[in-house]
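# Fold and geometry: a report
Below, each chain spelled out in residue letters.
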Amino acid sequence: MALNFTDLPSLYAHDFDTVIDVRSPAEFAEDHLPGAINLPVLDNDERARVGTIYVQESPFLARKLGAALVFRNAANHIEHSLSHHEGGWKPLVYCWRGGQRSGSFTWMLQQIGWRAEVVEGGYRTYRRLVNRFLYEDPLPHHLIALDGYTGTAKTDLLKHLKTRGVQVLDLEGLANHRGSLLGEMPGGQPSQKAFESALAAALCGLDPARPVVVEAESSKIGTLILPPSVWTALRCAPRIQVQASIEARTAYLARAYDDILSDADRLQDRLSPLRFHRGHEVVDGWLALIDAGDKLALTRALMEQHYDQSYAKSSRARTAEVVAQIEAATLDDAGLNDMAARIERILDQL
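Residues numbered from 1 in each chain as written. Predicted model: local features only at pLDDT ≥ 70, side-chain atom pairs only at ≥ 80, totals over all residues. Heavy atoms only, no water.

## Quick notes on the packing of helix α15 (residues 280–292) against helix α16 (residues 295–316)
Packed helices, taken two at a time, are described by the angle between their axes plus the distance between the axes. Where α15 contacts α16, the two axes come as close as 9 Å, and the packing angle between them is 165°. Compared by their axis directions, α15 and α16 come out roughly antiparallel. Crossing angle aside, the handedness with which α15 passes α16 is left-handed. Contact residues: Val-282, Trp-286, Leu-289 and Ile-290 in α15; Ala-297, Leu-298, Ala-301, Leu-302, Gln-305 and His-306 in α16. Split into classes, the residues belonging to the contact of α15 with α16 amount to eight nonpolar, two polar and no charged. (Axes fitted to C-alpha atoms, helices over the stretch in contact; angles between N-to-C directions. Helix = DSSP H or I, 4+ residues; strand = E, 2+ residues; numbered from the N terminus. Parallel < 35°, antiparallel > 145°, perpendicular 65-115°, else oblique. Left-handed = near helix turned anticlockwise from the far one by under 90°. Contact = heavy atoms within 4.5 Å. Nonpolar A, V, L, I, M, F, W, Y, C, P; charged D, E, K, R; others polar.)

## Overview of the packing of helix α13 (residues 264–271) against α15
Packing of α13 against α15 leaves a shortest axis separation of 10 Å and a crossing angle of 175°. Taken together, the axes of α13 and α15 lie roughly antiparallel to each other. Contacts between α13 and α15 involve Ala-264, Leu-267, Gln-268 and Leu-271 on the former and, on the latter, Val-283, Trp-286, Leu-287, Ile-290 and Asp-291. Looking at the contact of α13 with α15 residue by residue, the class counts come to seven nonpolar, one polar and one charged.

## Description of the nonpolar core
Residues Leu-146, Ile-240 and Leu-331 are the most contacted members of the largest nonpolar core, which totals 43 residues. At six residues, helix α17 (residues 333–349) tops the list of elements feeding residues into this core. Ignoring sequence-local partners within four residues, the contact set of Ile-240 consists of Ile-144, Ala-145, Leu-146, Asp-147, Val-323, Ala-324, Ile-326, Ile-343, Ile-346 and Leu-347. In this structure, Phe-28, Ala-175, Phe-195 and Leu-206 belong to the second largest nonpolar core, which totals 38 residues. (Core = buried A, V, L, I, M, F, W, Y, C linked by side-chain atoms within 4.5 Å. Buried < 20%, exposed > 50% of the residue type's maximum accessible area, 1.4 Å probe, protein only.)

## Quick word on the layout of surface pockets
A water-sized probe, rolled over the atoms, reveals where empty space remains. In this model, the largest pocket occupies a volume close to 1300 Å³. Lining the largest pocket are 47 residues, with Thr-150, Gly-179, Ser-180, Glu-217 and Ser-218 sitting closest to its centre. The set of elements that each furnish at least two residues to the lining of the largest pocket consists of α7 (154–163), β8 (220–221), α10 (228–236), α11 (246–256), α14 (275–278) and α16. Here the lining of the largest pocket gets six residues from one element, more than from any other, and that element is α16. When its residues are assigned to classes, the lining of the largest pocket shows 14 nonpolar, 18 polar and 15 charged. In this structure, the second largest pocket is lined by 18 residues; those nearest its centre are Leu-42, Val-50, Arg-97, Gln-100 and Arg-101. Of all the secondary-structure elements, those providing two or more residues to the lining of the second largest pocket are α3 (44–56), α4 (59–79) and α5 (100–112). Taken together, the residues of the lining of the second largest pocket break down into nine nonpolar, five polar and four charged. (1 Å grid on protein atoms, 1.4 Å probe; cavity = no way out; pocket = protein on both sides within 12 Å on 5 of 7 lines; lining within 4 Å. Points joined across faces, edges and corners; volume = space filled by probe spheres on them.)

Written as structure tokens, this is what we have:
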């Protein structure tokens, strides 16, 4: 009998040894339960082939071919990928809707003696739970937002806070993007669904009774959209404002963005469209600094002529309370450790 999970935390808190996604590699790549492994019982081409026969010829023929492929592929997984498991192994299996793919595979595992179970409703049930958690229910966590101009090392500050035992939510890490015009990261961003899966899993792993420190973000990180529950909580979150001199911010950003600053063609491609917002003279000045290879001057110019102006404009529209302001003497490890200690003391007083 399939297991029925009624909320996301209970699904994430399962006691199974392994979660197996038997959907096709393409389905798995778009999104899957965090930590799941992919053992497809139909690969991409096989799934398309069975679906075509189902629509164009007959459901019976499609099921007959599908059964042959599913059991053949399942046998291969059992012989190779799963052969090392002992008798007490306990896997949780799901497919698209908890139907024949996961049911057949789970039955085979059970016949061997493994304590396999299937998720009722499959991936569709999981997505409904994620959607309810992030789009319908209010976020149960108390967020505290780190705010401040670009270059105040807020993302690195989260890492220092985490090492001190403070609960943090790294939205940019989950989105694999540095949250700015030049914020692309190697490997690209996950799909929206995969981002939401990772975000929901991260939130379910945090204690709602304790504050969660998060970097203040816009409603989008790169191409990814913050779900309503998180965005609503973030907009209202009390703010700790991080401040640093333009010199310190310039030095920090030049180090943090060295990969992009070293790619002249990519820089020119990203900055040229800003002519409409900042004017030809300003953008031409940036391009001249790119040609000259002056990374520090370019970084400072981008902050003063673009990022700081954008931040000031968005700040005027915010109504969230600023509970503290901290000034960073330096943005190296020593300076960030000092700020993290001060933020920890501030959190104890909230």
